[in-house]
Amino acid sequence: MSTDSRGYWREEFSLIALLLLFFIAIVALSYHIPFDARLFPLLIGSAGILLTLGISVEQVRRRGARDGSIPRNEEHVVSVDWPRYATALLSAPIFGLLFWLFGFIIASFAAMLLIPTLMGYANRRRLLVTAVITVAVLAVIAPYLLNVELPQGVVGDWLIDKLALRAG
Amino acid sequence: MLDHLILGLTAVLHLKQFMFMIAGTVIGLWVGVLPGLGGPVAMAILIPFTFSMDPLSALLMLASISVGAAFGGSVTSILLNIPGEASSAATAYDGYPMAQQGKAKVAMGLSAGASLAAAIVGVMILMFASGPVAKAALAFSPAEYFALAILGLTVVSVAALGSTVKGLAMGALGLALSLIGIDSILGAERYTFGFVYLLDGISFVPVMVGLFAITELISMILEGGTIAKAGKLEGSLWDGFRDTFRYPFTLIQSTAVGAFLGMIPGIGATAANFLAYSVAQRSSKHPERFGKGAPEGIIAPEASNNSCIPTSLIPALTLGIPGGATSAILLVAVTLQGLRPGPMLFTSNPELIWGFFMGLLIGAVMATILYLIMIPWFALITIVRIELMAPMLLIVTLFGAYANERNMMDVFVAIFFGLFGYFLRRHGYPLISLVIGLILGKLAEGSFHQALMISDHDYAVFILRPLSAGIFALCLVLVLWPGVKRRLGLGGAEVT
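Being a predicted model, the structure only gives us computed values, none of them experimental.

Calculation rules
- Residues numbered from 1 in each chain as written.
- Chains lettered and ligands numbered in written order.
- Predicted model: local features only at pLDDT ≥ 70, side-chain atom pairs only at ≥ 80, totals over all residues.
- Helix = DSSP H or I, 4+ residues; strand = E, 2+ residues; numbered from the N terminus.
- Buried ≥ 20, exposed ≤ 12 C-beta atoms within 10 Å, placed from the backbone.
- Contact = placed C-beta atoms within 7 Å.
- Nonpolar A, V, L, I, M, F, W, Y, C, P; charged D, E, K, R; others polar.
- pLDDT = per-residue confidence, 0-100.
- Expected span 1.5 Å × (residues − 1).
- Domains from an automatic or database assignment.
- Core = buried A, V, L, I, M, F, W, Y, C linked by C-beta atoms within 7 Å.
- Axes fitted to C-alpha atoms, helices over the stretch in contact; angles between N-to-C directions.
- Parallel < 35°, antiparallel > 145°, perpendicular 65-115°, else oblique.
- Left-handed = near helix turned anticlockwise from the far one by under 90°.

Trainee: I keep staring at the overall build of chain A and nothing clicks. Help me out?
Mentor: Assigned secondary structure in chain A consists of 6 helices and 0 strands. Expressed as a percentage of the 168 residues in chain A, the buried residues total 26%. A sequence separation of at least 24 residues applies to 58% of the contacts in chain A between residues at least 6 apart.

So this is what it looks like as structure tokens:
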């Protein structure tokens, strides 16, 4: 069994454990809820526990039958270098964090410039033009056509208050 | 009847009404393409603008948005594997593999053909069957609604690629997530842990954005290159449009599934989309082609969601019971115009009702024409480098999650479900079962409690009513059938 397949099965059983914990929590935390409101959660939670146990049995058997190798359709994602893997997994959380802290415009601009660079995109000029156009279009569309005010972020709001820039 | 049709045609054949329909369709196509911002959101945003319009213009514009969004939702499903609309999610199963083969234009031609044919049939059914069918739908008691919700979940879980147990577990997870928030029966808080955000439950939009858009984005970044693997486009739009009618059985069957489910309040186009896909896969002579770019895999979901939208207006207009979000918003618009939905609307305002029906018919043709004009431009997305497209998609999808409720928490929820969904998908858990569980959760629990209340807490109510018992028996057969088939040696290799 290769290190990759060991990692795959570790991940598989971690997911099963997570699901099992979730369903156990659904049942356990329903204890304080009135009976009528608890009935459905109890049913769903119990069904979830049984199904998760069913999955674990199925996976143990599959693992044994395949001598620990990774199932055919699920192995393609394993062989990727770690910088690409980190970019893929962390792009969204970091964008979310920047969105919350510095607002939509700055977060979008950072994402437009950083993600392609981390993925190895070399044409800097095209990248800059695309980033400016994308962010500008969204900055116009959101408030004027969709009536969605773009948030300035926690830091942005703090700065606006500090510098007394807020209208009214 | 002919008098009514002429009356409706006279009412709708005005430049003003056409302008409102074109505006609505373009807005619909556009919001349909944006993941997270669906037709109902755009309709809700534009409702205040309809106050000053005459009732027919207001209804036509809002209905055109919904028709346009149903068409537009398939664009990103096919091109990016990211459904613009929840009701187009199953289209991605075969639409995206086709786009990967460089046949994005063919896939969108198939989608346009199926959508047009089904929308026309749906409107016809709306015109001719409103009265009798609405009465039949009233025969469904809460026990049947509960059974139908479970059937929807079972069909999707069993038909999804991968293990059935995993599919059912994902369905249970979706149902469990729908429990979060204030309980609709007693008003008790469940699993909120004091967070105000969770009182209303987990919003469906950020979950969908996370599970479909973010997970796909992660895969795209990992794979790189372009969506069309060869970097070029093959086939034409008209090939696809023509091919739609080479599968008349799938087209008719899926249109019927969508039209029937549309008439049942609460089921909606999303469930119809998946059920039609599953039914088409099960009845196909080549089920193994599904998920790999089968034309029937695009025709089935597109036909069902487009026939579902008009028929969902049947209970809304005749009984005042909305069939889904779209018809609920249209009901609000009708009420805001000082009109009362119900059987009297047909006799007191025949010009409005029949004008609206004829407008829906013309709107479907209009949406198809606009869609076909825009497709060549949409298809170019598949040959753009992922390095440039990934950040754009990230920004637009998370903006969609935020814009729904203007809540930052929705962005974090979308990101969480995106990461979680990526690992689930990687290990063969069908995400769609989770989404269907979340959608049907409230309906299932509400019907479950209502059935128990009506029967004085007699649990046998679910099996004593013949219709409900029949639906549950069907669920059981669906779950057990793959195992029985294997034991009897009737084929059906395990799909992993």
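Trainee: In this structure, what is going on with the overall build of chain B? I would like to understand it.
Mentor: Helix and strand counts for chain B come out as 22 helices and 2 strands. Across the 496 residues that make up chain B, the buried fraction comes to 61%. Of the contacts made within chain B by residues no fewer than 6 positions apart, 79% connect residues no fewer than 24 positions apart.

Trainee: Is there a simple way to think about the environment of Leu148 of chain B in this case?
Mentor: Counting through the fold element by element, Leu148 of chain B comes out in helix 7 (residues 142–159). For the pair Leu148 of chain B and Ile471 of chain B, spaced 323 residues apart in sequence, the C-alpha separation works out to 6.8 Å.

Trainee: Just checking my understanding: could you explain the interface of chain A and chain B for this structure?
Mentor: Accessible area lost when the parts come together is the quantity often used to give the size of an interface. Taken together, the contact pairs 56 residues of chain A with 48 residues of chain B. At the level of secondary structure, the elements contributing two or more residues to the side of chain A that touches chain B comprise helix 1 (3–28), helix 2 (35–65), helix 3 (82–102), helix 4 (104–118) and helix 5 (124–145) of chain A. Ranked by the residues each element gives to the side of chain A that touches chain B, the list is headed by helix 2 of chain A, at 13 residues. The residue inventory of the side of chain A that touches chain B, partitioned by class, reads 37 nonpolar, 12 polar and 7 charged.

Trainee: Looking at this model, I keep getting lost on the confidence of the model for chain B. Mind explaining?
Mentor: Close inspection of predicted coordinates is inappropriate for parts of the model with low pLDDT. Residue and element names in this part refer to chain B. Mean pLDDT over chain B stands at 80; residues scoring 70 or higher make up 86%. The low-confidence segment residues 491–496 (pLDDT under 50) makes 10 contacts with residues lying over four places distant or belonging to another chain. For this predicted complex, the interface score ipTM comes out at 0.91, while the overall pTM is 0.74.

Trainee: What should I look at first to understand helix 2 of chain A in this one?
Mentor: Residues spaced three or four apart along an α-helix face the same direction, because each turn holds 3.6 residues. Helix length check: helix 2 of chain A (31 residues) gives 44 Å between terminal C-alpha atoms against 45 Å at 1.5 Å per residue, within 8%. Along helix 2 of chain A, the residues classified as buried are Ala37, Arg38, Phe40, Pro41, Ile44, Gly45, Gly48, Leu51, Thr52, Ile55 and Gln59 of chain A.

Trainee: Which parts of the structure should I look at to understand the domain arrangement of chain A?
Mentor: According to the domain assignment, chain A contains domain 1 (3–74) and domain 2 (82–162). The C-alpha centroid of domain 2 of chain A is placed 36 Å from the C-alpha centroid of domain 1 of chain A.

Trainee: Would you mind showing me how to read the nonpolar core here?
Mentor: Counting 191 residues, the largest nonpolar core has Leu59, Leu62, Phe146, Phe357, Leu398 and Val435 of chain B as its most contacted members. Residue-level mapping places this core at the junction of two domains, with at least three residues from each of domain 1 (3–74) and domain 2 (82–162) of chain A.

Trainee: Could you clarify how one ought to interpret helix 18 (residues 386–405) of chain B in this entry?
Mentor: Residues and elements named next belong to chain B. Here helix 18 spans 29 Å end to end across 20 residues, near enough to the 28 Å set by a 1.5 Å rise per residue. The buried fraction of helix 18 is high, at 17 of 20 residues. Immediately beyond the C-terminal end of helix 18, within one or two residues, lies Arg406, with a positive phi of roughly 55°.

Trainee: Explanation requested: the packing of helix 9 (residues 204–223) of chain B against helix 20 (residues 431–454) of chain B in the structure shown.
Mentor: A packed helix pair is summarised by two numbers, namely the angle formed by the two axes and the spacing between the axes. All names here are of chain B. Two elements in contact, helix 9 and helix 20, have axes separated by 11 Å at closest approach and are oriented at 175°. One finds that helix 9 runs roughly antiparallel with respect to helix 20. Listed contacts from helix 20 to Phe204, Val207, Met208 and Leu211 of helix 9 are Leu431, Leu434, Val435, Leu438 and Ile439. Of the residues assigned to the contact of helix 9 with helix 20, the class counts are 9 nonpolar, no polar and no charged.

Trainee: Any chance you could explain unusual backbone geometry here in plain terms?
Mentor: Leaving glycine out, the prevailing phi sign among residues is negative, and the prevailing peptide bond configuration is trans. All names here are of chain B. At Phe193, a position not held by glycine, the phi torsion is positive, near 50°. Mapped onto the elements, Phe193 comes out in the loop between strand 2 (189–190) and helix 9. Under the C-beta neighbour-count criterion, Phe193 is labelled exposed, with 8 such atoms within 10 Å. If you check the backbone angles, His457 has positive phi at about 60° while not being a glycine. Here His457 shows up in the loop between helix 20 and helix 21 (461–464).

Trainee: Just to check I follow, could you spell out the packing of helix 18 of chain B against helix 19 (residues 408–426) of chain B for this structure?
Mentor: All names here are of chain B. Look at helix 18 against helix 19: their axes get within 7 Å of each other, and the N-to-C directions meet at 140°. Classified by the angle between their axes, helix 18 and helix 19 sit oblique to one another. Judged by the twist between their axes, the crossing of helix 18 over helix 19 is right-handed. In contact with Leu398, Ala401, Tyr402, Asn404 and Glu405 of helix 18, helix 19 contributes Met408, Asp410, Val411 and Ala414. The class makeup of the residues in the contact of helix 18 with helix 19 is 6 nonpolar, 1 polar and 2 charged.

Trainee: Would you mind going over the environment of Pro151 of chain A with me for this structure?
Mentor: Inspection of the secondary structure puts Pro151 of chain A in the loop between helix 5 and helix 6 (153–162). For Pro151 of chain A, a count of 20 C-beta atoms within 10 Å corresponds to the buried category. Excluding residues that lie within four positions of it along the chain, Pro151 of chain A makes contacts with Gly103 and Phe104 of chain A together with Met408 of chain B.

Trainee: Teacher, can you tell me more about the environment of Val155 of chain A here?
Mentor: All names here are of chain A. Within the element layout of this structure, Val155 appears in helix 6. A residue is classified by how many C-beta atoms lie within 10 Å of it, and Val155, with 14 of them, is partly exposed. Residues Val155 and His32 lie 123 residues apart in sequence; the distance between their C-alpha atoms is 40 Å. The contacts of Val155, once residues within four sequence positions are left out, are Leu101 and Phe102.

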